[in-house]
Amino acid sequence: MKADIVVIGGGIVGVLIAHELARRGEDVLIVEKRYLGSGSTFRCGTGIRQQFTDEANVRMMKRAVELRKKYHEAYGFPFKQSGYLFLWYTEEEVEYIKKAVKLQNSLGVPTRLISPDEAKEIVPLLDVSEVIAATRNPTDAKASPFYALASFAKAAREMGARIMEYTEVIGIKRKGSSIDKVITTRGEISTGIVVNATNARAKLINAMAGVPIEIPIEPYKHQSVITQPIKGGTINPMVISLRYHHAYLTQTAHGGVIGGVGVEEGPTYDLTPTYEFLRAVSEAFTKIIPALRNLRILRIRAGFYAKTPDSNPAIGRIKEIDEFYIAAGFSGHGFMMAPSVAEAVADIITKGSTSLPIDRYDPYRFERGELRSKALQMGRNSFY
Amino acid sequence: MRIGEQNGEEVSITFEGKKLTAYAGEPIAIGLLANGIRRLSISMGGRKRGAFYVGPAPVEVNGRKRVDSRKEPISEGMNIRRGRYDDYNKEPETYRTSIERRYYEVIIVGGGPAGIGAAQEISGVVPTALIEKEELGGRAKIREDEFFESISLNRLGDVYERTTALGVFYKGEYVLVPAVQGRKLIEFYAKRVILATGSVAGTMVFENNDMPGIFRVDSALKAITLYKVAPGERIILTGRTPELIDGILRKYGLDYLYVPRVKRVEGEEGVERVYDFEGNVYEADAVIVSDGKYPDINPSTQAGASVRYSDGFLYPETDEKCRINEFVYIAGSARRPFKEHRSSYYHGRMVGSFVLEDLGYEADGRKYEEYVGEYYRYDLGNIPIEKLNHDESFVCGCDVTLKKVLEPIRLGYHELQIIKRLSHVAMGFCQGRYCLMHVVRLLHQLTGKDPNEMDIPSGRPPLWNVKMGILG
């Protein structure tokens, strides 16, 4: 088998990269170990946020929202700009977040600091008795990972991309500095270009290709919960409360309440749901919205946060290999960021450069000891 | 229609403004059925629903929304109204009273014949807990099984009825099985766990198969034997295993007509007419669906079992001692759908013996082998998709139509995991218990794919839906 470009990993990032490459007329093949979305995409919290605290992440997420909106109109998968609502409980937090709001506003993201009463108007079930302020960006969004991924995969196929599921990469053969073959459980693929979009398993693929630098991406188990469906529109935005276990929660198009808390385990490849999470998520959610006490939990499930030390991904070309690219280590932000990542990666493959601010995600920064400021991420132990 | 002596006191209730008579203590859905009322709820998709097939059955009681009509006992003066699947109460009312921790050598989940057999084998030797989410006896009790009625229910160890296990969690040399009993959370720790969680009744896909008046075989059995209320006056029995209930129907003098396969039901408030595939039309007010029994694989797969397929059903893979690993054993119809309750009971005893042996006691489980009889073997079965209206036939009680499941398959998605997520089948209240087999059938029918090649979703905790307020 032959392909000009092999994308390893059929999650949202891999599929969108292949989609973008196929759109540009490239011959691309996705190799996925299990089924599309089976790693983390199908277990993600569905949120798409632009409220970050550094310029590059705000710009990347803003572009991601623009692209996702465009494709939502073209392909029809559910996508709703229902906003993110952060709840703040101390003066210190509010001072810190005011600076972030300013930055976001300067980059065209219309976040506003609002009062607890305004927050309660947006989500009437909230308990705001301890909340002193909230930040809301109405253009943040949520989308169904299932329909989004399936729509992009379908479109990619129609544009000529090939997808091999239940096919595991077990080796990468090189001829000198060049990529020669990708070896899989279902045969060899001759190719000259490999994109490592495996996120939680990026280290393994890097090792197979002989990537000469250390890119520390480690898999951490994060879980989410889904409840019985309730009336649509009850919880429109993604509600974030860092105080209560770094909780995030919203309502899906099917009506269930979905979300998670920052109970993190790892590094591990184990994705067994835990009792500790079941307790912690129930405790946090019922503090934020007391009426959730009455809802039945349908299930919990686990996915990966593939984390780097600064919670920013590694995106770019590995110069020593002809040609090997990485887009991994999304630290819980892969689903939201994928459209602009796909554009940036396709740019550097087809044009050699991109106007998107991916310098921040330079895969060589770890070797050079140039860690970035931490991306604002749910599920850490401290906020600052 | 009431068909025997009632337990409990006669009380007055109101349903949608109308005064009715019922009996204290019987579930709301049963009391209403006895008054000829079958339509209780409206689904997310706006469909009229009853309480006895698939999906939840919420009603409003004295202004409180989303009361479970299948469980909530009737009391004097109750004012009941129809409910909606998406109703909820804005006032937080679910609070946990306490958390307790209990240690045992062995925990048995499921108090049907297999769980009872296992408990009787083990409890005299080591501390044992038997956890049952309803009452002891399971399907054997509601079938008034003669063998089951002949065994005495003693020497069971500590019995926890109305206690819902949330899952199996591994904690080093102990296994944690948290469970909810009323508003109490109990953390059970043990060295070994036996899952004796039984089977689920097979459902069928036909037009308007979500209509009030349709009964799963176990719901019909409960109405008749536990509460002495008939499912209807003109009963149609359908499906491949009428023997699971026909004896009870005869015993209680309930006339029925057996129609092997139903094409369509019609009616205003519930079933009025039933159509078969030969063009016959029957007047009826109840349809009892009895299409096989299938191991409930969710508890086993949540605990880590792999799934295999043979003889028409999915089952957890176990070793020669019915173990899925060093800690967890599967007993009774949770492993193979036994024809006789006697078999489940002796299989439970056998597995109990294996556990004792593994814990270092002298025991001989093989001596029970001769009492363990046959299990059901069917073919996979099929859904006559070319003869059904795809918008009106439901694969799942969460408003998932045949059309919604066929769409992704026809678009080329042949992975069960993807079909599940695109159609939302097996993602609701029952966690796939009543709908997953239909997807397996459809995928096989349309693509020829062997069920053993399908990626079957694992059960996720909590094994049965519990309220967040009890855990938080």
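Residues numbered from 1 in each chain as written. Chains lettered and ligands numbered in written order. Predicted model: local features only at pLDDT ≥ 70, side-chain atom pairs only at ≥ 80, totals over all residues.

### Side note on the overall build of chain A
Heads up, the rule is: Helix and strand definitions here come from DSSP, where helices need a minimum of 4 consecutive H or I residues and strands a minimum of 2 consecutive E residues; each element is numbered from the N-terminal end. Buried, partly exposed and exposed are defined by the number of other C-beta atoms within 10 Å of a residue's own C-beta, namely 20 or more, between the two limits, and 12 or fewer respectively, with C-beta atoms placed from the backbone. Any pair of residues counts as being in contact when their C-beta atoms, constructed from backbone geometry, are within 7 Å of one another.
A tally of helices and strands in chain A yields eight helices and 20 strands. Counting the 384 residues in chain A, one finds 57% classified as buried. Counting contacts in chain A only where the partners sit at least 6 residues apart, residues at least 24 apart contribute 73% of the total.

### Quick word on the sheet that holds strand S4 (residues 79–80) of chain A
All names here are of chain A. Stated precisely, the cut-off is as follows: One bridge is not enough; two strands pair if DSSP finds at least two bridges between them.
The three strands lie next to each other as S3-S8-S4, forming an open sheet whose pairing is antiparallel. Edge positions in the sheet fall to strand S3 (47–48) and S4, since each has one partner strand and no second. Direction of pairing for S4 relative to strand S8 (residues 141–143): antiparallel, over a ladder of two bridges. Looking at the pairing, Lys 80 lines up with Lys 142 of S8.

### A word on the interface of chain A and chain B
Our working definition: Lys, Arg, Asp and Glu make up the charged group, whereas Ala, Val, Leu, Ile, Met, Phe, Trp, Tyr, Cys and Pro make up the nonpolar group; the residues left over, Gly among them, are polar.
In this assembly, 38 residues from chain A lie in contact with 34 residues from chain B. Secondary-structure elements contributing two or more residues to the side of chain A that touches chain B are helix H5 (145–158), strand S14 (218–229), helix H7 (275–288) and strand S18 (296–307) of chain A. Looking at the side of chain A that touches chain B, the element that brings in the most residues is H7(A), giving seven residues. Residues of the side of chain A that touches chain B, tallied by class, amount to 20 nonpolar, nine polar and nine charged. Direction of pairing for S18(A) relative to strand S31 (residues 466–467) of chain B: antiparallel, over a ladder of two bridges. Note that in S31(B) the partner of A:Arg296 across the bridge is B:Lys467.

### Here we look at the sheet that holds S18(A)
We count it as follows: To obtain each axis, a line is fitted to C-alpha atoms, and for helices this fit is confined to the stretch in contact; angles are then taken between N-to-C directions over 0 to 180 degrees.
Read from one edge of the open sheet, nine strands run S6(A)-S7(A)-S5(A)-S15(A)-S16(A)-S17(A)-S14(A)-S18(A)-S31(B), paired in mixed fashion. Among the strands making up the open sheet, the edge pair consists of strand S6 (112–114) of chain A together with S31 of chain B. The strands touched by helix H3 (residues 91–106) of chain A are strand S5 (84–88), S6 and strand S7 (133–137) of chain A; relative to S7(A), the strand with the most contacts, the crossing angle is about 20°.

### Considering the environment of B:Val177
Residues and elements named next belong to chain B. As for its position among the elements, Val 177 is in strand S14 (residues 174–181). Judged by the 28 C-beta atoms lying within 10 Å of it, Val 177 falls in the buried class. Dropping the residues within four chain positions of it, Val 177 is found in contact with Ile 107, Val 109, Ala 165, Val 168, Phe 188 and Val 193.

### Quick word on the domain arrangement of chain B
All names here are of chain B. Definition in use: Boundary definitions for the domains trace back to an automatic or database domain assignment.
By the assigned domains, chain B splits into domain 1 (10–84), domain 2 (98–200 + 295–371) and domain 3 (385–472). The gap between the C-alpha centroids of domain 2 and domain 3 is 27 Å. Each partner contributes residues to the interface: domain 2 has 19 residues there, and domain 3 has 16 residues. Among the elements of the structure, strand S12 (163–165), helix H7 (297–302) and strand S26 (307–310) are those that each provide at least two residues to the side of domain 2 that touches domain 3. Among the elements that line the side of domain 2 that touches domain 3, the one with the most residues is H7, at five residues. Residue classes in the side of domain 2 that touches domain 3 are distributed as ten nonpolar, five polar and four charged.

### Section: helix H2 (residues 55–75) of chain A
All names here are of chain A. What counts, and what does not: Take the number of residues in a helix, subtract one, and multiply by 1.5 Å to get its expected span.
Between the first and last C-alpha of H2 there are 30 Å, a value that for 21 residues agrees with the 30 Å anticipated at 1.5 Å per step. What H2 keeps buried is the set Asn 57, Val 58, Met 60, Met 61, Arg 63, Ala 64, Val 65, Arg 68 and Tyr 71. At its buried positions, H2 is contacted by S3, S4, H3, S8 and helix H8 (334–350). In the stretch just after H2, Gly 76 is the one whose phi turns positive, near 80°.

### Details of the packing of helix H1 (residues 12–23) of chain A against H5(A)
All names here are of chain A. Stated precisely, the cut-off is as follows: Orientation is classified from the angle alone, with under 35 degrees giving roughly parallel, over 145 giving roughly antiparallel, 65 to 115 giving roughly perpendicular, and any other angle giving oblique. It is the rotation of the near helix from the far one that decides the hand of a crossing: anticlockwise by less than a right angle makes it left-handed, clockwise makes it right-handed.
At a closest axis distance of 9 Å, the pairing of H1 and H5 adopts a crossing angle of 30°. The orientation of H1 relative to H5 falls into the category roughly parallel. Handedness of the crossing formed by H1 with H5: left-handed. Where H1 abuts H5, its residues Ile 12, Val 15, Leu 16, Ala 18, His 19 and Ala 22 lie against Pro 145, Leu 149, Phe 152, Ala 153, Ala 155 and Ala 156. A per-class count over the contact of H1 with H5 returns eleven nonpolar, one polar and no charged.

### Describing the pairing of strand S22 (residues 273–276) of chain B
Residues and elements named next belong to chain B. Both strand S21 (residues 262–266) and S22 contribute to a ladder of four bridges, which runs antiparallel. In the sheet register, Val 265 faces S22, and the bridge partner there is Val 274. Here S22 runs beside strand S23 (residues 281–283); their pairing, made up of three bridges, is antiparallel. Counted as the bridge partner of Val 274 is Tyr 282 from S23.

### Side note on unusual backbone geometry
Omega for the bond connecting A:Gly266 with A:Pro267 falls within 30 degrees of zero, at 0°, which places this linkage in the cis form. For A:Pro267, the location among the structural elements is in the loop between strand S17 (256–260) and H7. Residue A:Asp322 is joined to A:Glu323 through a cis peptide bond whose omega torsion reads -10°. Tracing the sequence through the fold places A:Glu323 in the loop between strand S19 (314–318) and strand S20 (324–328). Positive phi, close to 55°, is recorded for B:Arg66, a residue that is not glycine. Along the chain, B:Arg66 falls in strand S6 (residues 64–68). Residue B:Asp311 is not a glycine yet carries a positive backbone phi of 55°. Looking at where B:Asp311 falls in the secondary structure, it is placed in the loop between S26 and strand S27 (313–316).

### Quick look at the pairing of S7(A)
All names here are of chain A. Summarising burial for S7: five of the five residues are buried, a large majority. Side-chain alternation along S7 places Ala 133, Thr 135 and Asn 137 on one buried face and Ala 134 and Arg 136 on a second face that is also buried. Sheet analysis places S5 next to S7, joined by five bridges and oriented antiparallel. The residue of S7 that forms the bridge with Leu 85 is Arg 136. Direction of pairing for S6 relative to S7: antiparallel, over a ladder of three bridges.

### Quick word on H5(A)
All names here are of chain A. Here H5 spans 20 Å end to end across 14 residues, near enough to the 20 Å set by a 1.5 Å rise per residue. Turning to H5, its buried residues number three or more, namely Pro 145, Phe 146, Ala 148, Leu 149, Ala 150, Ser 151, Phe 152, Ala 153 and Ala 156. Once H5 finishes, Gly 160 follows within two positions and takes phi at roughly 105°, a positive value.

### Some points on the nonpolar core
What counts is decided by this rule: Residues of type Ala, Val, Leu, Ile, Met, Phe, Trp, Tyr and Cys that are buried and joined through C-beta atoms within 7 Å form what is called a nonpolar core.
With 175 residues, the main nonpolar core has A:Ile17, A:Ala327, A:Val345, B:Val287 and B:Val439 as its most contacted residues. For this core, the leading source of residues is H8(A), giving ten residues. In this structure, B:Val439 is in contact with B:Val395, B:Val405, B:Leu416, B:Ile419, B:Lys420, B:Val425 and B:Ala426, ignoring residues within four places of it in sequence. The next biggest cluster of nonpolar side chains, apart from the first, holds 98 residues, and it includes A:Ala133, A:Tyr244, B:Ala305 and B:Val355.

### Examining the domain arrangement of chain A
Residues and elements named next belong to chain A. Under the domain assignment, chain A is made up of domain 1 (1–82 + 140–216 + 309–384) and domain 2 (83–139 + 218–307). If you look at the interface, domain 1 gives 37 residues, while domain 2 gives 41 residues. No other element matches the five residues that H2 contributes to the side of domain 1 that touches domain 2.

### Side note on the environment of A:Asp322
Residue and element names in this part refer to chain A. Within the secondary structure layout, Asp 322 lies in the loop between S19 and S20. For Asp 322, a count of 15 C-beta atoms within 10 Å puts it in the partly exposed group. Residues Asp 322 and Val 194 lie 128 residues apart in sequence; the distance between their C-alpha atoms is 9.1 Å. In contact with Asp 322, not counting residues within four places along its chain, are Ser 177, Ser 178 and Ile 179.

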